[in-house]
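Understanding the architecture of this molecule
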Amino acid sequence: YLPHPFWKQKVAPWCFGITESADFEQAKAKSQNRAACVECLTRFGFVQLSKAPGSSTIMPKEFANSVLENNGRHFLRRQFKIYEPDIIVACGISFPRTFDILTKQVFPDSKDCISRAVFERRCSMVRTCKSNGNPTFIIETNHPAHRGNREKVYGKLMSDYRQAVELVRQS
């Protein structure tokens, strides 16, 4: 299995940062090792909200409708219930924001966590992702293909992820 360059160059460094508490340069360097990339990527579950092939830019209305139409939100709730994640990283801060779609449409029972911890971006808690009712925390970040400063986004994601891990431990 050879990871697509998108996964190897953009997603794998985030995964290394999360699993190994690696700084940005370490995570970037580690992602150049194909075998290590495959091993790290397989430790995570990935869900695309829009289940149709696309291009490098989204059509906002179609993206939002992909969740709302054809029982999309029910499908996503069932899919997350299978995975039972502790933390969901909602990638994408353009309109519509993935975080907003997840917290308002897919999990309308979610609760804002800003008062419980300090986050660089937003965090919400939902109790309907797991069969036992334990909380899942949804944190917001840029899409891996963003065109901004990668190191800055990486740092914010790692900080927010550590905050979410602390909330998981407390619950």
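Now for a quick tour of the structure.

Here is what the cut-offs are and how they apply
Residues numbered from 1 in each chain as written. Predicted model: local features only at pLDDT ≥ 70, side-chain atom pairs only at ≥ 80, totals over all residues. Heavy atoms only, no water. 1 Å grid on protein atoms, 1.4 Å probe; cavity = no way out; pocket = protein on both sides within 12 Å on 5 of 7 lines; lining within 4 Å. Points joined across faces, edges and corners; volume = space filled by probe spheres on them. Helix = DSSP H or I, 4+ residues; strand = E, 2+ residues; numbered from the N terminus. Nonpolar A, V, L, I, M, F, W, Y, C, P; charged D, E, K, R; others polar. Salt bridge = Lys/Arg side-chain N within 4 Å of Asp/Glu carboxyl O. Buried < 20%, exposed > 50% of the residue type's maximum accessible area, 1.4 Å probe, protein only. Axes fitted to C-alpha atoms, helices over the stretch in contact; angles between N-to-C directions. Parallel < 35°, antiparallel > 145°, perpendicular 65-115°, else oblique. Contact = heavy atoms within 4.5 Å. Phe/Tyr/Trp six-rings, centres within 6.5 Å; stacked < 30°, edge-to-face > 60°. Arc of directions from axis to C-beta. Polar contact = N/O pair within 3.5 Å; in protein donor to acceptor, adjacent residues only side chain to side chain. Expected span 1.5 Å × (residues − 1). Pairing = 2+ DSSP bridges.

**Digging into the layout of surface pockets**
The volume enclosed by the second largest pocket comes to roughly 180 Å³. As for the second largest pocket, its lining consists of G17, I18, S21, A22, Y154, G155, M158, Y161, R162, V165, E166 and R169. The greatest single-element share of the lining of the second largest pocket, amounting to 8 residues, is contributed by helix α7 (residues 150-170). Here the residues of the lining of the second largest pocket are counted per class, giving 6 nonpolar, 3 polar and 3 charged.

**Describing the pattern of salt bridges**
A complete count under the given rule lists 8 salt bridges for this structure. A salt bridge links E25 to K28; the shortest N-O distance between them is 3.9 Å. Of this pair, E25 and K28 both sit in helix α2 (residues 24-30), 3 residues apart, roughly one helical turn. Overall, K28 belongs to the partly exposed group, its relative accessible area being 37%. A network of salt bridges, in which partner residues are shared, links R97, D100, K104, R122 and E140.

**Regarding the packing of helix α5 (residues 72-83) against helix α6 (residues 98-106)**
Their axes nearest at 10 Å, the elements α5 and α6 cross at an angle of 100 degrees. It follows that α5 is roughly perpendicular to α6 by the angle criterion. Each of R73, L76, R77 and F80 in α5 lies in contact with α6, whose residues at this interface are L102, Q105 and V106. In terms of residue class, the contact of α5 with α6 is built from 4 nonpolar, 1 polar and 2 charged.

**Comments concerning the environment of H143**
Take H143: it is sitting in the loop between β4 (136-141) and α7. Spatially, the C-alpha atom of H143 lies 8.7 Å from that of S94, the residues being 49 residues apart in sequence. With residues near it in sequence (within four places) discarded, H143 still touches F6, W14, C91 and G92.

**As for the packing of aromatic side chains**
Scanning the entire structure with this criterion turns up 5 aromatic pairs. Judged by centre distance (6.5 Å) and plane angle (40 degrees), the rings of F44 and F46 are tilted. Taking the relative accessible area as the measure of exposure, F46 reaches 36% and is therefore partly exposed. Of the aromatic side chains, those joined through ring pairs into one cluster are F6, W7, F44 and F46.

**Focus on helix α3 (residues 34-41)**
Those residues of α3 that fall on the buried side of the exposure criterion are A36, C37, C40 and L41. Down the axis of α3, the buried side of the element spans an arc of 125 degrees, and every buried residue falls inside it. Seen from the buried face of α3, the exposed residues on the opposite side, beyond 90 degrees, are A35 and E39. On its buried face, α3 is in contact with α1 (5-20) and α2. The opening residue of α3, the one whose side-chain oxygen lies 3.0 Å from the backbone nitrogen of A35, is N33.

**Quick word on α7**
For α7, built from 21 residues, the straight-helix expectation of 30 Å at 1.5 Å per residue is met to within 8% by its first-to-last C-alpha distance of 30 Å. Regarding α7, the residues found buried are V153, Y154, L157, M158, S159, D160, Y161, A164, V165 and L167. On its buried face, α7 is in contact with α1, α2, β1 (87-91), β3 (123-126) and β4. Two or three places before E151, at the start of α7, stands the capping residue N149, its side-chain oxygen 3.0 Å from that residue's backbone nitrogen.

**Re the sheet that holds β3**
Sheet architecture is open: 4 strands sit in the order β1-β4-β3-β2, paired in mixed fashion. Single-partner strands in this sheet number two, and they are β1 and β2 (111-112). Taken together, the 2 bridges between β2 and β3 define a ladder with antiparallel strand orientation. Opposite K111, over in β3, you have M125 as the bridge partner. Against the sheet, α7 contacts β1, β3 and β4, and its axis sits at roughly 170 degrees relative to β4.

None of the figures reported here should be taken as evidence of function without further support.
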